[in-house]
Amino acid sequence: MCGIVGVLAEKNAASMAFAALKRLEYRGYDSWGVAFKGGKSIEVLKKTGKLPESFSFQAGSGTALAHTRWATHGKVTEANAHPHLSNDKTIAVVHNGIIENHEELKHFLEGKGFSFNSETDTEIIPNLIQLFMGEGQSFKEAVRLSLKKIDGSYAVVAMHAGERELVAARNGSPLVIGLGKHSIFAASDVPAFLDHAKKVVYLNDFEMALLGKKAEFFDVLTGKQLEKDVEEVNWSIEQAQKGEFPHFMLKELNEQRFTIKKAVQQPKGIIEKVSSMIKNAKGVFFVGCGTSYHACVSSAYIFSHVAKMHVNVVLASEFRNYEEFLEKETLVIAVSQSGETADVLDAVKTAKKRSSKVVSIVNVMGSSLTRLSDETIMMNSGPEICVLSTKSYTSQLAILLLLAYVVAGKQVEGHELVEKAAALSQKVIDESSAPAKELAARLKNSRDFFLIGRDLAFPSALEGALKIKEVSYIHAEGFAGAELKHGTIALVEEGIPCIVFSTDQTRPLIMSNAQELKSRGAFIIGIDSKPNKLFDYFFRVEEVGNANPILMILPIQLLAYHLAVEKKLDPDKPRNLAKSVTVK
Ligand code: AGP
């Protein structure tokens, strides 16, 4: 979680680090900090809370570090915010990850006379570096030896008061090197430096970079120099900016007019290749977390209806319980926007341990998941900055739908269906925007929302509930239509908002469930292609058969957004959340 940045620039390194950090704010926003050179020493600025819009730094040439935190070790305080300094204040470090043997290392360092000012595990790193430099090691070698002592995960950037170089390294947490004309970056994610660098080097686990006049790469474990490929990113800086929109959530939600279609415009052969892997597999598992998991749940229905095939859907965090059922011929399809979600990476490692094949459906190029997979289908959604998944969800649904149709030998039909949904998405977004705003104003003080759907619309109810609760902090629960009456209907009272997802196929039964809620005083919000006398409020969403989930979620994404705005909450950065959940 946490976003880290290291910058090496001819001038204004501190301001550049801050600007880069601003673009990583979605990765964590409990507290932040910047370290930069002030003469011969290192100046550190730390604050709790979200990053301000801008900040001016008096000095800071050469090297600078920046960090935005999502707390794991220690409370949200200035002392616990990064960067952390060594005892002699010559070394500063920013870190994303968890040091599992930090207690042991802390005792070791205390035994050598070191003291600690924070409750974090990170503070160990600059002090280990100081220790090794005190023993005569170079800065780079001292970082390497320190990292060799660490068990756990890290993306780390270190600077030294007396050096014009940065050292960056990764193991288990994302880190990418950006090579600009006049600057070099190390950052958790590419949007951080898109305005300065489009040439990138993705670090693998146990790799480190020495960033000075040029970038050199080394193996952390052996110290051996490495040749690394330089790649070109195809994201633009505009894609990583809000533009005319007040929030990234609204911008990204609106981009679905284009991204759904882009999702199925894949390089020649990849969809066919993956569909034949699906057909030939001995058991297929779809794994993901949160919204991506909901896309997987949808795929179970789609594969059953379209490809007449059973697939298993498992929460990535629970996947290890299925290990003994994995064989060489098993296929695991990992779905993830970021490609960095720790639970998903863990599931994939479980699969690889059993020699099963892995396909990933990912949005972020070069992410860890892409490098662990046998095949990757890119979602082509462009950067998704808002913590909430919106456009990535509908892209995932589009790809999964197409795969099912190709497995069924109905490629053309699959493409036509996604394209129909993509074309209609514009209409649904436009027609739902004003009503969603009006409804949000009316329902902003609600205590609970219940959402129901049957069949393909059931995962839409799960995803709709997640959208509402994570951004508006209103309790919301999604159910399969018939399930509510097995207990939760006891909570339904006069005026409680209940969202009913209805389709041509499910209408008769879901309406009888809606009637059960209405009889208990519920305020019924219908998502349907046809009005109904049971609906107190109605969002018209065209019927597109198996592509219904792509369109049905759009009004609820809009409603969730407006609920947050009505409650004066920041939809892009809901409390306690971070975009990439890189801890298990
Ligand atoms: C939902 O809006 C969240 N962004 C979250 O549930 C997310 O889908 C989950 O953390 C998985 O992330 P991933 O797709 O990057 O793996």
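Within an unreviewed UniProt entry, the label attached to the protein chain reads Glutamine--fructose-6-phosphate aminotransferase [isomerizing], and the organism entered is Candidatus Iainarchaeum sp. For the record of the protein chain, the UniProt heading Catalytic activity (unreviewed entry) holds the text "D-fructose 6-phosphate + L-glutamine = D-glucosamine 6-phosphate + L-glutamate".

Asker: Can you lay out the domain arrangement of the protein chain for me, pointing to particular residues and giving the numbers?
Answerer: Taken as a whole, the protein chain is organised into domain 1 (3–232) and domain 2 (248–566). Inter-centroid distance (C-alpha atoms) of domain 1 to domain 2 is 37 Å. Facing the 11 residues of domain 1 at the interface are nine residues of domain 2. Carbon and sulfur atoms supply 55% of the area buried between domain 1 and domain 2, which totals about 890 Å² over both sides. The interface formed by domain 1 and domain 2 includes zero salt bridges. Taken together, domain 1 and domain 2 are joined by four residue pairs in polar contact (both at pLDDT 80 or more).

Asker: Please provide a residue-by-residue account of the site of the ligand, values included.
Answerer: In the neighbourhood of the ligand, 15 residues make up the surrounding shell, with Ser292, Ser336, Ser338, Thr341 and Glu470 lying closest. One of the side-chain nitrogen or oxygen atoms of Ser292 is found 2.6 Å away from an oxygen atom of the ligand. With respect to the ligand, the side chain of Ser336 contributes an N or O atom lying 2.6 Å from an oxygen atom. In isolation the ligand exposes 410 Å². Once the protein is present, 91% of that is buried. Broken down by secondary-structure element, the contributors of at least two residues to the shell around the ligand are helix 8 (290–306) and helix 13 (457–472). Class assignment for the residues of the shell around the ligand results in five nonpolar, eight polar and two charged.

Asker: Pulling in residues and values, what's your account of unusual backbone geometry?
Answerer: The peptide bond linking His82 to Pro83 adopts the cis configuration, its omega dihedral lying at 0°. Mapped onto the elements, Pro83 comes out in the loop between strand 4 (62–69) and strand 5 (84–85). Positive phi, normally seen in glycine, also occurs at Ser355, with a value near 60°. Among the structural elements, Ser355 can be located in the loop between helix 9 (342–353) and strand 19 (357–362). With relative accessibility at 42%, the residue Ser355 sits in the partly exposed group. A positive phi angle, near 55°, is found at Asp455, a position not held by glycine.

Analysis parameters
Residues numbered from 1 in each chain as written. Predicted model: local features only at pLDDT ≥ 70, side-chain atom pairs only at ≥ 80, totals over all residues. Heavy atoms only, no water. UniProt positions renumbered as here; feature names shortened; annotations may be inferred. Domains from an automatic or database assignment. Contact = heavy atoms within 4.5 Å. Buried area = accessible area lost by both parts, 1.4 Å probe. Salt bridge = Lys/Arg side-chain N within 4 Å of Asp/Glu carboxyl O. Polar contact = N/O pair within 3.5 Å; in protein donor to acceptor, adjacent residues only side chain to side chain. Near = heavy atom within 4 Å. Areas by Shrake-Rupley, 256 points an atom, 1.4 Å probe, with all protein chains shown as cover. Helix = DSSP H or I, 4+ residues; strand = E, 2+ residues; numbered from the N terminus. Nonpolar A, V, L, I, M, F, W, Y, C, P; charged D, E, K, R; others polar. Buried < 20%, exposed > 50% of the residue type's maximum accessible area, 1.4 Å probe, protein only.

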